[in-house]
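# Fold and geometry: a report
The chain contents come next:
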Amino acid sequence: MNVVARTGTTTAATTAPTTATGRTAAPAGSLAGLFVQQRAASRVLIPALLAAADIAVVTACGALAYGLRLWSGGVLSPADYLQLWPAALLFVAGLYVAGLYPGYGLEPVEELRRCTYVTSLVFLALGTATFVLKVGPLYSRAVLLTAWALALVALPAARSLLRHLLSRTGWWGEPVVVLGAGQTGHLVVRRLTANPGLGWRPVAVLDDDPAKRNGSVEGVPVLGGLELCVPLASTGRVSRAILAMPGSTWQRLAGIIDHEAHRFLRVSVVPDLFQVPSLWVSPRDLQGILVLDIRRNLLDRRMRAAKRLVETLLAL
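What comes next concerns the included structure. (Residues numbered from 1 in each chain as written. Predicted model: local features only at pLDDT ≥ 70, side-chain atom pairs only at ≥ 80, totals over all residues. Heavy atoms only, no water.)

### Things to note about the sheet that holds strand β6 (residues 220–224)
One key point about sheets: their strands pair by backbone hydrogen bonds, in either a parallel or an antiparallel sense. Note the threshold: Only strands that DSSP links by at least two bridges are regarded as paired with each other. Secondary structure elements are taken from DSSP: a helix is a run of H or I of four residues or more, a strand is a run of E of two residues or more, and numbering for both begins at the N terminus. Any two residues whose heavy atoms approach within 4.5 Å are treated as being in contact. The convention used is that axes are lines fitted to C-alpha atoms, helices contributing only their stretch in contact, and that angles between N-to-C directions extend from 0 to 180 degrees.
Overall, mixed pairing links the 6 strands, which are arranged β5-β6-β4-β3-β7-β8 in an open sheet. Of all the strands in the sheet, just β5 (216–217) and β8 (266–269) have a single pairing partner and so form its edges. Bridge count for strand β4 (residues 200–206) against β6 is 2 bridges, and the pairing is parallel. In the strand pairing of β6, V205 is matched with V222. In the packing of helix α7 (residues 183–194) onto the sheet, contacts are made with β3 (174–179), β4, β5, β6 and β7 (240–243), and the angle to β4 comes to roughly 155 degrees. Packing of helix α9 (residues 250–260) onto the sheet brings it into contact with β3, β7 and β8, and relative to β7 it is tilted by some 170 degrees.

Shown next as structure tokens:
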């Protein structure tokens, strides 16, 4: 079945591939139509749900800390603590800056790290504000510390549960295109489809090898060659590509990033470093040279002390 796909003024004839389930896959020109309504709704609904859940969790932690202090014999004024409600908006602003709305593509460890930083900074700001404004006697330090400890646990736990529930719907996640149908491409698609909570949903694979065209990778159709990158990115519905060709030369990879994939908003590159640890790795710019910085946190005495502190708080 030949299908003619038009994007702008470009017309391309392709053969509709068949997936592993026997269904005919959508050609490049009609791929955007599969996600028009879903993407428009999810761009607003998913961040709104996450923000509402975060506000509810933080408020509940504060209320529980307040109740525990009253139960232990503290004398507190409800009106004074109700005035702290704008602090919930600080959490939303901090989590937004940390890239957690919606936070697609973040591993649980990274999301936990960012939640911990934001939570600690907001409570530190609250404590500092009460001191600077000279209203410290109105607010119990025990309440602030208890609410902070509760939020450190409850906030990432609630977000993990909500992500798990939303991943079962069609609204969670963003569509991604995988460039490369080799072993690495198969591995990437397999990992992404097995972990829908990550939020990267492979919808198409592109490869210049004619033998791999019109086939599928783990059920995801191979639509054609890399010349389809521009038509797909131009639809505005697929903003991320994953370059899964670690065996290619760096000249070839640079060429793909600068030419074929230049219309994608974000391009994630899978390097040929499968034997290198993937946790606690961050990129650095060394005078124009891309450097991967690998941090071994357990060798840092400060990190070990922080780990013991968190474990002690959780044990309490």
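### Observations regarding unusual backbone geometry
Our working rule: Each residue is placed in one exposure class: buried if its accessible area under a 1.4 Å probe, protein chains only, is under 20% of its type's maximum, exposed if it is over 50%, and partly exposed if it falls in between.
A cis amide bond, omega 5 degrees, links Y101 with the succeeding residue P102. Even without a glycine there, the phi angle at N214 is positive, about 65 degrees. Examined against the element boundaries, N214 turns out to sit in the loop between β4 and β5. Positive phi, close to 55 degrees, is recorded for E218, a residue that is not glycine. Looking at the element boundaries, E218 is found in the loop between β5 and β6. For E218, a relative accessible area of 38% corresponds to the partly exposed category.

### Observations regarding the side chain of T119
Along the chain, T119 turns up in helix α5 (residues 108–132). A residue is classified by how much of its surface remains accessible, and T119, at 0% relative accessible area, is buried. Residues contacting T119, with those up to four places away along its chain left out, are F91, W148, A151, L152 and L155.

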